[in-house]
Amino acid sequence: MLKSTLALGLLLAFTVSCVAFGVPPARFPQLNEQAITGISHHESPKWSLDGKYLAFIDHGNETLVVYEIQTQKSWTVDTNAYDLYFEWTPQGDISYLLFRDSPSGYTFPRVHDLHIVNRDGTNDRVIMRNLYSPSGFAWFADGQRIVALLGTYDSHEFYRDVYLVDTVTGVVSLIASRQELKITFPSALSFDDNRLAIYAIRQLDATNESVIIIYDLATHAVMREIPINQIDPQLGLLDEGFEWVRGKQWIFTYGNTAQGKCAPVALHFINTDDLSTSFCISAVDSTIYAPALSPDLSRIVYVLPVQPRRDFVMLANLTPEYQIRLTR
């Protein structure tokens, strides 16, 4: 018992010492991880579609930052765009939703304008106004339309539905309502070709069920529903980091569970065609946030907290074994 206590004390002292000197503790040592930032308060790292750049929010400096993989250089793109909702466009620019005061004077809906700014931080412009209470969006390949979780002008509640937004014509049209999808709260979405993956909460009697809904935008129909308890009865998925593996049948996300090989927290690869082949990569501790998988399936980026509101952005190499499993 004494040996165990001494070992734990040494481990904690080593971790604190490493963080004090700017060296992050390991979470996925088998993936050859490394920090690409110093300590600050980061959020939402996201890959460009060509895999050459990462963008992330630095709340510590109130900026949106771009990091170039090849040169390992980073720069500030915008000092207004440090909100949670931003995405790379198909053309390689960055789009973001900027909050402004509601004209109605109510707390809800929250009103955002959709901006696009060049990757180098130039030419920031508004391309769509008055998007109400957004909680995430994704671009079509044409670079003109987005699919988004939105509220409405006359809605004073937190819940949202799935909408199509045409940034050229300004038309906002309903794709699917919560009632149609039989869900209580859509939490995250990801878009790939004509497939839309929605992570949602569904109230069943006195309990809530987490579910992934695969929706076909071409036929306007639900293709499949995946209750999370079919993957693991105790699994709790977290909505930030929920995404399609582009062009594949896989969804990449992360979550926590109480026991088993995926405990306490793990990266999850969910095969929407065959759940039995789904797999996870477990972390050695319970603290990671917002992972994202590179388009070529070779790397993972995530946020590693070490103190309250203090963290690193980490880059890790996905081993060939895992890459092969994702291409089958």
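Residues numbered from 1 in each chain as written. Predicted model: local features only at pLDDT ≥ 70, side-chain atom pairs only at ≥ 80, totals over all residues. Heavy atoms only, no water.

Along its length, the protein carries three helices and 24 strands. When burial is assessed residue by residue, the protein has 49% of its 328 residues classed as buried. Sequence-distant contacts, at least 24 apart, represent 42% of the contacts inside the protein between residues at least 6 apart. (Helix = DSSP H or I, 4+ residues; strand = E, 2+ residues; numbered from the N terminus. Buried < 20%, exposed > 50% of the residue type's maximum accessible area, 1.4 Å probe, protein only. Contact = heavy atoms within 4.5 Å.)

Another point: the sheet that holds strand β11 (residues 145-150). The strand order across the open sheet formed by four strands is β10-β11-β12-β13, and the pairing between neighbours is antiparallel. Lying at the two open borders of the sheet, with one neighbouring strand each, are β10 (137-139) and β13 (172-176). Neighbour-to-neighbour, the strand axes of this sheet turn through a mean angle of 25 degrees, independent of strand direction. The pairing of strand β12 (residues 161-166) with β13 spans four bridges and is classified as antiparallel. Each residue of the ladder has a partner; that of V165, found in β13, is V172. (Pairing = 2+ DSSP bridges. Axes fitted to C-alpha atoms, helices over the stretch in contact; angles between N-to-C directions.)

Considering all chains together, one arrives at 10 aromatic pairs under this definition. Where F28 meets Y302, the ring centres are 5.4 Å apart and the plane angle is 85 degrees; that geometry is what we call edge-to-face. One end of the pair, F28, is in the loop between α1 (2-20) and β1 (34-35); the other, Y302, is in strand β23 (residues 299-307), with 274 residues separating them in the sequence. Look at F140 and F191: their rings are 4.5 Å apart centre to centre, the planes differ by 45 degrees, and that puts the pair in the tilted class. In this pair, F140 sits in the loop between β10 and β11 while F191 sits in strand β14 (residues 185-192), placing the two residues 51 residues apart along the sequence. Each member of the pair F140 and F191 is classed as buried. One aromatic cluster in this structure is built from W250, F252, F269, F279 and Y322. Looking at R195, its charged tip hangs above the ring of W244, at a distance of 4.0 Å from the centre. Geometry around F279 places R325 over its ring, the cationic atom sitting 4.1 Å from the centre. (Phe/Tyr/Trp six-rings, centres within 6.5 Å; stacked < 30°, edge-to-face > 60°. Lys NZ or Arg CZ within 6 Å of the ring centre and 35° of its normal.)

Our next topic: the state of the cysteines. Summed over the entire model, instances satisfying the criterion amount to one disulfide. The disulfide that involves C262 links it to C280, with 2.1 Å between the sulfurs. Between C262 and C280, the disulfide has an S-S torsion of -95 degrees and is therefore left-handed. In this pair, C262 is assigned in the loop between β19 (250-256) and β20 (265-271) and C280 in strand β21 (residues 279-282), connecting sequence segments 18 residues apart. Since its relative accessible area comes to 11%, C262 is described here as buried. On the basis of relative accessibility, which here comes to 13%, the residue C280 falls in the buried class. (Disulfide = S-S within 2.5 Å.)

On to the nonpolar core, then. If you look at the biggest cluster of nonpolar residues, it comprises 24 residues, and the most contacted ones within it are L267, F269 and L293. Counting residues per element, the ones that place at least two in this core are β19, β20, β21, β23, β24 (310-317) and α3 (320-327). Counting 18 residues, the second largest nonpolar core, distinct from the first, contains V162, I175, A176 and I213. (Core = buried A, V, L, I, M, F, W, Y, C linked by side-chain atoms within 4.5 Å.)

If you walk through the whole model with that rule in mind, you get 10 salt bridges. Close ionic contact of D285 with R27 constitutes a salt bridge, the shortest N to O distance being 3.7 Å. Placement of D285 in the loop between β21 and β22 (289-293) and of R27 in the loop between α1 and β1 is noted, with a sequence separation of 258 residues between them. When the shortest N-O distance is used, the salt bridge between R202 and E209 registers 3.8 Å. Salt bridges sharing partners connect three or more residues here, namely D192, R195 and R246. (Salt bridge = Lys/Arg side-chain N within 4 Å of Asp/Glu carboxyl O.)

With that settled, consider the side chain of D58. Mapped onto the fold, D58 is located in strand β3 (residues 53-58). For D58, the side chain forms a polar contact with the side chain of N61, separated by 2.8 Å. (Polar contact = N/O pair within 3.5 Å; in protein donor to acceptor, adjacent residues only side chain to side chain.)

Spatial ordering of the open sheet is given by β2-β3-β4-β5, a layout of four strands whose pairing is antiparallel. Looking at which strands have only one partner, the edges of the open sheet turn out to be β2 (42-47) and β5 (74-78). Neighbour-to-neighbour, the strand axes of the sheet open up by a mean angle of 25 degrees, direction not taken into account. The sheet contact formed by strand β4 (residues 63-68) and β5 spans four bridges and is antiparallel. Bridge pairing links V65 to T76 in β5.

All right, on to the environment of F312 then. Structurally, F312 is set in strand β24. Owing to a relative accessible area of 0%, F312 belongs among the buried residues under this scheme. Spatially, the C-alpha atoms of F312 and G38 are 6.0 Å apart, while their sequence positions differ by 274 residues.

Moving on to the confidence of the model for the protein. With 88% of its residues at a pLDDT of 70 or more, the protein has an overall mean of 87. Low pLDDT, under 50, characterises residues 1-21; the stretch is placed with six contacts to residues that sit more than four places away or in other chains. (pLDDT = per-residue confidence, 0-100.)

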